[in-house]
Protein chains: 2
Amino acid sequence: MSGLVIREARAEDLEAIIRLHEEDALGSHGDVWSPETRPAYEAAFAAIERSPENRLFVALDGGEIVGTFQLTFIPNLTGRGALRVKVESVKVKAARRSGGIGARIMAFAEEHARANGAAMLELTSNKTRKNAHRFYERLGFERSHEGFKKKF
Amino acid sequence: MSGLVIREARAEDLEAIIRLHEEDALGSHGDVWSPETRPAYEAAFAAIERSPENRLFVALDGGEIVGTFQLTFIPNLTGRGALRVKVESVKVKAARRSGGIGARIMAFAEEHARANGAAMLELTSNKTRKNAHRFYERLGFERSHEGFKKKF
C-alpha cells in the first residue's frame, strides 16, 4: 500500500475506470465497457475534464488502476457560503477491497477539499452498502441525511 | 399560486434569499443576514454565478420572494455517463409552506434538468425533516441512499 499513487484521471484510463464500475453489482447502474457504451463514457469524461468544478481521480498501485473517485466542488449559500465537496463514484477493485485503499482515497479527498478552501465533504451511499456506512462513520462522517433519487 | 414566477436569482435578491435560510432552524447552518455575514454570502453568490454548472433560483409571488433553490449539474461516468442534477438548499418562506410552492419548485427543477439533458435528480434531506421526506416520495423520489457529511 505504500506505493499507492493518486492522480487525476487521463483519457487512456477510461476503460480501466469503467471496469471498476462493472465490478459493482450493488449500485445497479448497468455500467459496462463495450464498443456500444464507449462513446457515452468518452463524452462524460470530456464533460468532467471541461468542468472547473469536477475532478476525476484514479488510485494506482504498481501502475495498475485499483480505485477511482470523483470530487465535485459545489459553491452554495448554506452555512454562510461554505464551499462543499461531494465525493462521488468511489470504486475500489474487488480483489483489493478491505486493504486500505478506500481510506487512502478518502484521506486524499479531504486533504484536496481543505487545500481548495472547502469546509465540508459530503457523499451518499446506497442503503444496501452497510459495510461502507460503517467505514464512513469510522472516518468521522455523520449519517445525518436521507438520500433521494429520481431517474427520468 | 397561479401567479408564482420562478427565475434565476439576481444579486439584489440575496438578502431575501438569506432571510429564507434564517427561518430554517432544523438545518442548523447558522445562516443569518448581517453586516458581518454579508461579504461571505456575496462571495458565494458570485461563485455560483461564475459556475457554468450551478444555478440559483428564486420563486416569487406578487413580487415577493417566497422560495429559493439551487441546481448543480454533475457530469459523471456512473449510469453510462448519465448527467445528474443535485437539488440543493430548497427553502420556502415559513408562512407560505404547505401551499404548493415546494411542488412547483420541484416540478421546475425536473423540467429544467430534463431540458438540459439530465437523466436524474438527486437531493439529500436532513433525517429530522420527516414531512419533507414524505413530500419527496410523493413526487416519485426513491429514498435509496444514506447521506453522510463531514464538516472540517
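Everything quoted here is computed from the prediction, not taken from an experiment. (Residues numbered from 1 in each chain as written. Chains lettered and ligands numbered in written order. Predicted model: local features only at pLDDT ≥ 70, side-chain atom pairs only at ≥ 80, totals over all residues. Heavy atoms only, no water.)

Considerations on the overall build of chain A
Okay, so step 1: Across its full length, chain A carries five helices and six strands.
Okay, so step 2: Compactness check: chain A gives a C-alpha radius of gyration of 16 Å against a globular reference of 15 Å for 152 residues, within 12% of the reference.
Okay, so step 3: Over its C-alpha atoms, taken along the principal directions, chain A stretches across nearly 45 × 35 × 30 Å.
Okay, so step 4: Relative to its full complement of 152 residues, chain A shows a buried share of 51%.
Okay, so step 5: Long-range pairs, those at least 24 residues apart, make up 56% of the contacts in chain A with a sequence separation of at least 6.
Okay, so step 6: Put simply, chain A shows about 6,800 Å² of open surface, and 49% of that area lies on carbon and sulfur atoms.
Okay, so step 7: Each charge class in chain A was averaged separately, 24 positive and 21 negative side chains, and the resulting centres sit 5 Å apart. (Helix = DSSP H or I, 4+ residues; strand = E, 2+ residues; numbered from the N terminus. Rg over C-alpha atoms; globule rule 2.2 N^0.38 Å. Buried < 20%, exposed > 50% of the residue type's maximum accessible area, 1.4 Å probe, protein only. Contact = heavy atoms within 4.5 Å. Areas by Shrake-Rupley, 256 points an atom, 1.4 Å probe, with all protein chains shown as cover. Lys, Arg positive; Asp, Glu negative; His and termini not counted. Charge placed at Lys NZ, Arg CZ, Asp CG, Glu CD.)

A few points about helix 4 (residues 101-115) of chain B
Residue and element names in this part refer to chain B.
Okay, so step 1: A rise of 1.5 Å per residue sets the reference length of helix 4, with its 15 residues, at 21 Å; its end C-alpha atoms lie 21 Å apart and thus fit the reference within 8%.
Okay, so step 2: Turning to helix 4, its buried residues are I101, G102, I105, M106, A109, E110, H112 and A113.
Okay, so step 3: The positive-phi residue at the C-terminal boundary of helix 4 is G117, with phi of around 85°. (Expected span 1.5 Å × (residues − 1).)

Considering the relation of the copies chain B and chain A
For the pair of chain copies, the relating operation is a rotation around an axis with a shift along it.
Okay, so step 1: Of the two same-sequence chains, chain B is brought onto chain A (RMSD 0.0 Å, axial shift 0.0 Å) by a rotation of 180°. Expressed as a symmetry operation, the mapping of one chain copy onto the other fits a two-fold axis.
Okay, so step 2: In this assembly, 100% of the residues forming the interface of chain B have copies in chain A that are likewise at the interface, indicating an isologous arrangement. (Least-squares fit on C-alpha atoms with pLDDT ≥ 70 in both.)

So, the interface of chain B and chain A
Okay, so step 1: Every contact between the two is made by 64 residues of chain B and, on the other side, 64 residues of chain A.
Okay, so step 2: Approximately 5,900 Å² of surface area, both sides summed, lies buried where chain B meets chain A, with 59% of it carried by carbon and sulfur atoms.
Okay, so step 3: Considering only the side of chain B, the residues that lose the most area to chain A are L77, F148 and F152 of chain B, jointly responsible for 16% of the buried surface there.
Okay, so step 4: If you look at where chain B meets chain A, you find twelve salt bridges.
Okay, so step 5: Residue E110 of chain A pairs with K150 of chain B through a salt bridge whose shortest N-O separation is 2.8 Å.
Okay, so step 6: Ranked by residues supplied to the side of chain B that touches chain A, first place goes to strand 6 (residues 142-151) of chain B with ten residues.
Okay, so step 7: Examined bridge by bridge, strand 6 (residues 142-151) of chain A and strand 5 (residues 120-126) of chain B share seven bridges and lie antiparallel to one another. (Buried area = accessible area lost by both parts, 1.4 Å probe. Salt bridge = Lys/Arg side-chain N within 4 Å of Asp/Glu carboxyl O. Pairing = 2+ DSSP bridges.)

What about the confidence of the model for chain A?
Okay, so step 1: Of the residues in chain A, 97% reach a pLDDT of 70 or more, and the chain-wide mean stands at 94.
Okay, so step 2: Interface predicted TM-score (ipTM) for the complex: 0.95; the corresponding pTM is 0.95. (pLDDT = per-residue confidence, 0-100.)

Things to note about the environment of E110 of chain B
Okay, so step 1: In this structure, E110 of chain B sits in helix 4.
Okay, so step 2: The class of E110 of chain B is buried, set by a relative accessible area of 14%.
Okay, so step 3: Not counting residues up to four positions away in its chain, the partners in contact with E110 of chain B are K150 and F152 of chain A together with L121 of chain B.

Some words on the sheet that holds strand 3 (residues 64-74) of chain A
Okay, so step 1: Read across the sheet, twelve strands follow the order 1(A)-2(A)-3(A)-4(A)-5(A)-6(B)-6(A)-5(B)-4(B)-3(B)-2(B)-1(B) without closing on themselves; strand pairing throughout is mixed. At either end of the open sheet lies a strand with only one pairing partner, and these are strand 1 (5-8) of chain A together with strand 1 (5-8) of chain B. Between one strand axis and the next, the sheet turns by 30° as a mean value, whatever way the strands run.
Okay, so step 2: Bridge count for strand 2 (residues 54-61) of chain B against strand 3 (residues 64-74) of chain B is eight bridges, and the pairing is antiparallel. Each bridged residue has a counterpart across the sheet, and for V58 of chain B the counterpart in strand 3 of chain B is T68 of chain B.
Okay, so step 3: In the packing of helix 1 (residues 14-22) of chain A onto the sheet, contacts are made with strand 2 (54-61), strand 3 and strand 4 (84-92) of chain A, and the angle to strand 3 of chain A comes to roughly 90°. (Axes fitted to C-alpha atoms, helices over the stretch in contact; angles between N-to-C directions.)

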